[in-house]
Amino acid sequence: MTTLTPVLTKFWDKADSFTRAGYEREGGYKALRTALRMEPDEIVQAVKDSGLRGRGGAGFPTGMKWGFLPPTSPNPRYLVVNADESEPGTCKDIPLMMANPHVLVEGVIISSYAIRSNTAFIYVRGEVLHVIRRLQQAVAEAYEAGYIGKDILGSGYDLDVVVHSGAGAYICGEETALLDSLEGFRGQPRLKPPFPAVAGLYGGPTVINNVESISSVPSIIENGPEWFASMGTEKSQGFGIFSLSGHVTRPGQYEAPLGITLRELLDMAGGIREGHRLKFWTPGGSSTPIFTDEHLDVPLDFESVGAAGSMLGTRALQIFDETTCVVRAVQRWSEFYAHESCGKCTPCREGTYWYKHMFKRLEAGEGTEEDLETLLDISDNILGRAFCALGDGATSPVVSSIKLFRDEYLQHFEQGGCPFDPAKSTLWGGAK
């Protein structure tokens, strides 16, 4: 069995893990002192050498993204941290910011120094007020200690960090919609090019990274890129937080090397709840094609999951046992995407609207087999034609569920309704 590799989650069980004193007691901010003795380009190269890839879903090499910034620009450079975690099943960044906010703050300072930025923003989903307050406290403590502000630790480097709360829109997880929201506009994706690295926040060169990506930087600087690259697989290096939820005995956050399998993670989590068996699961949240028990041994890295027909995404492993109706689950996800579509482009706006209404009929047993072909046709008109990735993501559970569970869809028509008792999939109704 692959062992867990607690780095970001190592001290979550400490009562004061979220305070500066607790973080410093465990070695916090040592990496910052090391980084300030390095040249910014050395830090960028170290992140490149580590193989760190974006932990927000796309998996783009982090150091390479930093390297895209133009060498000269009349506008200031900015670092923006995407902390707008809001996809169904995705639940790693919020507990990370709650339990260990200072590792993110330290990562922000080091990353800002590396890209020669003097202003950084942490964009947090507005509903998680408790996280916003904790981040604000951590940033204030860092200012008090001289880790943020003027002439940080006598290095001559200045940095301001702003914690910004969004208004609660899933679309703002898309990086350019986030920038529009940060500038005070309605959150809608921008046309690219220009890309944020060239013209991002306020028209300046901008790096946008996920919480977990930036939080991983201090450990790379402290332990060296070789240490980070020694974990994971050849092309998906390092560790990551795997979020297990749903019908699993011990749901929670499991920090392990990329390439671990769901079978191994389930062994650590006590398996599927007693008396039941695995039916289907998501490898990276609701916007990724679903897997079944046939995919238990697929290595959870970017390449292997992609080759198996899905995406690693945010490593949000939603586990469903045999009591769950696939049609009902996909209906709920489709309703979410219809609600969260910004409406800017026709394929997503209209496609998710029809998803919602068609699935309502299908779940009630009022559809026909022809409707399945219509759903696939709608999906084909969304996929690759939407303005941003929200539309593409909405098609994933629809297409994959029809492919893998067509017979279950047909049962709804044949029986004139859903053949599953919804109570059975609940904690109380599904007890052995």
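The structure reproduced in this document is the subject of the present report. Because the structure is a prediction, the values reported are computed rather than measured.

Our focus in this paragraph is the overall build of the protein. A tally of helices and strands in the protein yields 18 helices and 9 strands. For the protein, whose C-alpha radius of gyration is 22 Å, the value lies close to the compact-globule estimate of 22 Å for 432 residues. Each principal axis of the C-alpha atoms in the protein carries an extent, and together these give about 75 × 45 × 40 Å. Here the protein holds 432 residues, and the buried ones make up 57% of them. For the protein, contacts bridging at least 24 residues in sequence account for 70% of all contacts bridging at least 6. Just so you have it, the protein exposes about 17700 Å², and 52% of that area is on carbon and sulfur atoms. Where the 40 positive side-chain charges of the protein centre and where its 54 negative ones centre are 3 Å apart.

Moving on, we come to helix α18 (residues 406–415). Along α18, the positions that sit buried rather than exposed are Glu408, Tyr409, Leu410, His412 and Phe413. On its buried side, α18 packs onto β7 (278–282), α14 (326–340), α15 (346–363), α16 (369–382) and α17 (389–404). Taken from the residues just after α18, Gly416 is the one with a positive phi, measuring 70 degrees.

Our next topic: the pairing of strand β9 (residues 316–321). By the criterion of burial, β9 is predominantly enclosed, with 6 of the 6 residues buried. Here β9 shows no split at all, with Ala316, Gln318 and Phe320 on one side and Leu317, Ile319 and Asp321 on the other all buried. Examined bridge by bridge, strand β5 (residues 239–246) and β9 share 4 bridges and lie parallel to one another. Looking at the pairing, Ser243 lines up with Ala316 of β9.

Our next topic: the sheet that holds β7. On the basis of which strands lie adjacent, the open sheet formed by 5 strands has the order β6-β5-β9-β7-β8 and mixed pairing. Each end of this open sheet is capped by a strand with a single partner; those strands are β6 (252–257) and β8 (291–292). One ladder, built from 2 bridges, connects β7 with β8; its direction is antiparallel. By the bridge assignment, Trp281 is partnered in β8 with Phe291.

Calculation notes
- Residues numbered from 1 in each chain as written.
- Predicted model: local features only at pLDDT ≥ 70, side-chain atom pairs only at ≥ 80, totals over all residues.
- Heavy atoms only, no water.
- Helix = DSSP H or I, 4+ residues; strand = E, 2+ residues; numbered from the N terminus.
- Rg over C-alpha atoms; globule rule 2.2 N^0.38 Å.
- Buried < 20%, exposed > 50% of the residue type's maximum accessible area, 1.4 Å probe, protein only.
- Contact = heavy atoms within 4.5 Å.
- Areas by Shrake-Rupley, 256 points an atom, 1.4 Å probe, with all protein chains shown as cover.
- Lys, Arg positive; Asp, Glu negative; His and termini not counted.
- Charge placed at Lys NZ, Arg CZ, Asp CG, Glu CD.
- Pairing = 2+ DSSP bridges.

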